[in-house]
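# What the coordinates show
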Amino acid sequence: QAARDLLAEADALAARGLYAEAAHVLLLRSVQDIEKHKPRALRVSLTAREIAALKALPEAARPAFAAIGRVVERSLFGGAAVEAADFADCRQAYEAFALPAGWGG
């Protein structure tokens, strides 16, 4: 249910054309998901790229997290616009990331 609520929140931002903000919400929630499943894996100083490379992150979840991180990084640090298609990719990646099967091991 939490993942569905988050997607609804991100979709609402995207519906207003706030694609960068919507993608950022997905990234922040992904970090929270990692903290929930692997509480000792993260440190405050880690970047999204470093988190995506952590051995503690399940192999099935890693590409999805990295995809979201790339979009947010380009937006926040590169000033690139996030378009509807970029958000759609992030949304799909979050759905894959949040699947319980990805956290089974």
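Because the structure is a prediction, the values reported are computed rather than measured.

For the coordinates displayed, the defined rule picks out 6 salt bridges. Note that Glu95 and Arg91 form a salt bridge whose closest N and O atoms lie 2.3 Å from each other. In this pair, Glu95 and Arg91 are both assigned in helix 5 (residues 84-98), 4 residues apart and thus about one turn of the helix distant. Look at Glu95 and you get partly exposed, because its relative accessible area is 36%. Here the salt bridges share partners, and the residues they tie into one network are Asp11, Arg91 and Glu95.

Turning our attention to the layout of surface pockets. Sizing a probe to match a water molecule and rolling it over the atoms shows the empty space that remains. One number sums up the size of the largest pocket: a volume of about 300 Å³. Taken together, 18 residues line the largest pocket, and the ones lying closest to its centre are Thr47, Ala48, Arg49, Gly69 and Glu73. With 7 residues, helix 4 (residues 62-76) is the single largest residue contributor to the lining of the largest pocket. Roughly 170 Å³ of volume is contained in the second largest pocket. In terms of lining, the second largest pocket is formed by 11 residues, of which the most central are Ala3, Asp33, Lys36, His37 and Ala98. Elements with a contribution of two residues or more to the lining of the second largest pocket: helix 1 (2-15), helix 2 (19-37) and helix 5. With 4 residues, helix 2 is the largest single contributor of residues to the lining of the second largest pocket. Its residues assigned to classes, the lining of the second largest pocket comprises 7 nonpolar, 1 polar and 3 charged.

The periodicity of an α-helix, 3.6 residues per turn, causes residues three or four places apart in sequence to face the same way. Over its 15 residues, helix 4 extends 21 Å from the first C-alpha to the last, a length consistent with the 21 Å expected when each residue adds 1.5 Å. Taken together, the buried positions of helix 4 are occupied by Arg62, Ala64, Phe65, Ile68, Gly69, Val71, Val72 and Ser75. The elements touched by buried residues of helix 4 are helix 2, helix 3 (48-52) and helix 5.

Interhelical geometry of helix 2 versus helix 4 gives an angle of 135° and a closest axis separation of 9 Å. What the angle tells us is that helix 2 and helix 4 run oblique. Here the hand of the crossing between helix 2 and helix 4 comes out left-handed. Between helix 2 and helix 4, the residues in contact are Ala20, Ala23, His24, Leu26, Leu27, Ser30, Val31 and Ile34 and Phe65, Ile68, Gly69, Val71, Val72, Ser75 and Leu76, respectively. Here the contact of helix 2 with helix 4 is composed, by residue class, of 11 nonpolar, 4 polar and no charged.

About the criteria used
- Residues numbered from 1 in each chain as written.
- Predicted model: local features only at pLDDT ≥ 70, side-chain atom pairs only at ≥ 80, totals over all residues.
- Heavy atoms only, no water.
- Salt bridge = Lys/Arg side-chain N within 4 Å of Asp/Glu carboxyl O.
- Helix = DSSP H or I, 4+ residues; strand = E, 2+ residues; numbered from the N terminus.
- Buried < 20%, exposed > 50% of the residue type's maximum accessible area, 1.4 Å probe, protein only.
- 1 Å grid on protein atoms, 1.4 Å probe; cavity = no way out; pocket = protein on both sides within 12 Å on 5 of 7 lines; lining within 4 Å.
- Points joined across faces, edges and corners; volume = space filled by probe spheres on them.
- Nonpolar A, V, L, I, M, F, W, Y, C, P; charged D, E, K, R; others polar.
- Expected span 1.5 Å × (residues − 1).
- Contact = heavy atoms within 4.5 Å.
- Axes fitted to C-alpha atoms, helices over the stretch in contact; angles between N-to-C directions.
- Parallel < 35°, antiparallel > 145°, perpendicular 65-115°, else oblique.
- Left-handed = near helix turned anticlockwise from the far one by under 90°.

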